[in-house]
Amino acid sequence: MKQIIRLLFMKNSFAEHLNSIMQYRKDVSNEIRNSNFYHYYKQDTSITMEQITYLLHEAEGRNSTQSLIEFALQWLKESSSYDSTPYVFQTVIFPLFDKFNQENVLKLIDIMDNNSQIYGGTKHRHLYIPVVRAKATEILGDNFHVAEHRCLQ
């Protein structure tokens, strides 16, 4: 009988494990800062939906879902190219969307409003802006003023 075991190598806590992943991403980013577009794109897209789904499973089992959401929001905040932004939404943010609370949605909108790689890109906005708008309305209610946020226009 063959058995397969999948392990999550962690630091002292799940949150520290996520911090180490983010630190690794930052270290790699610093190494390629003066490099070409391809490397910036790869930096943003170096995590897969399978990995996020696995981390979500682990987070839920450890009562650490908010740590994973913070990790995902930080990943988005550090997006460095217009072309990778839709990938980050599809792969990192949207798989966690049904776990978002009001505070998470407000932080997401703030990140989007303050990162020109998100609000400034027009080529792929149709892939994520309608979904974020709908989530904001669902969580924040009809009184949420979409027009006040450049990222949702």
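Residues numbered from 1 in each chain as written. Predicted model: local features only at pLDDT ≥ 70, side-chain atom pairs only at ≥ 80, totals over all residues. Heavy atoms only, no water.

Let's shift gears to the packing of aromatic side chains. Within this structure, the stated rule accounts for 5 aromatic pairs. For the ring pair F89 and Y128, a centre distance of 4.4 Å and an interplane angle of 5° mean the geometry is stacked. Residue F89 is found in helix α5 (residues 85-93), and its partner Y128 is found in the loop between α7 (116-119) and α8 (129-140); the two are separated by 39 residues along the sequence. Like Y128, F89 is buried. Summarising the aromatic geometry, the rings of F97 and F100 are spaced 5.0 Å apart at their centres and angled 65° between planes, so their arrangement reads as edge-to-face. Take F100: its relative accessible area is 5%, and that puts it in the buried class. A network of ring pairs unites the aromatic residues F89, F94, F97, F100 and Y128 as a single cluster. The ring of F97 carries the charged tip of K135 above its face, separated from the ring centre by 5.5 Å. Above the face of the Y119 ring, R150 is positioned so that its terminal group lies 3.9 Å from the ring centre. (Phe/Tyr/Trp six-rings, centres within 6.5 Å; stacked < 30°, edge-to-face > 60°. Helix = DSSP H or I, 4+ residues; strand = E, 2+ residues; numbered from the N terminus. Buried < 20%, exposed > 50% of the residue type's maximum accessible area, 1.4 Å probe, protein only. Lys NZ or Arg CZ within 6 Å of the ring centre and 35° of its normal.)

Time to look at the confidence of the model for the protein. Counting all residues, the mean pLDDT for the protein is 84, and 82% of those residues have values of 70 or more. When mean pLDDT is taken per element in the protein, helix α6 (residues 102-113) scores highest with 96 and helix α2 (residues 37-44) scores lowest with 57. (pLDDT = per-residue confidence, 0-100.)

Mapped onto the fold, T65 is located in helix α4 (residues 65-77). Every residue in contact with T65, bar those within four places of it in the chain, is listed here: L56, A59, E60 and K99. (Contact = heavy atoms within 4.5 Å.)

Turning to the pattern of salt bridges, a few remarks are in order. As enumerated under the stated definition, the model contains 4 salt bridges in all. Between K99 and E60 there is a salt bridge whose closest N-O contact spans 2.9 Å. Separated by 39 residues along the polypeptide, K99 in the loop between α5 and α6 and E60 in helix α3 (residues 49-61) bring together distant segments of the chain. (Salt bridge = Lys/Arg side-chain N within 4 Å of Asp/Glu carboxyl O.)

Along an α-helix, residues three or four apart share an orientation, since each turn contains 3.6 residues. With 12 residues, α8 should reach 16 Å at 1.5 Å per residue; the first-to-last C-alpha distance of 16 Å fits that figure. For α8, the full list of buried residues reads I129, V132, K135, A136 and L140. End-on view of α8: buried residues confined to an arc of 125°, all on one side of the axis. Buried residues belonging to α8 abut α5 and α6. In the segment just after α8, G141 is the residue with positive phi, at about 90°. (Expected span 1.5 Å × (residues − 1). Arc of directions from axis to C-beta.)

Okay, unusual backbone geometry next. Even without a glycine there, the phi angle at N63 is positive, about 55°. Tracing the chain through its elements places N63 in the loop between α3 and α4.

What follows concerns the side chain of N104. Considering the arrangement of structural elements, one finds N104 in helix α6. Residues within four places of N104 in sequence aside, it is in contact with Q66, I69, E70, L73 and K99.

Quick look at the environment of V131 now. Structurally, V131 can be placed in helix α8. For V131, a relative accessible area of 36% translates into the label partly exposed. The spatial distance from the C-alpha of V131 to the C-alpha of F97 is 9.7 Å, given a sequence separation of 34 residues. Not counting residues up to four positions away in its chain, the partners in contact with V131 are F94 and F97.

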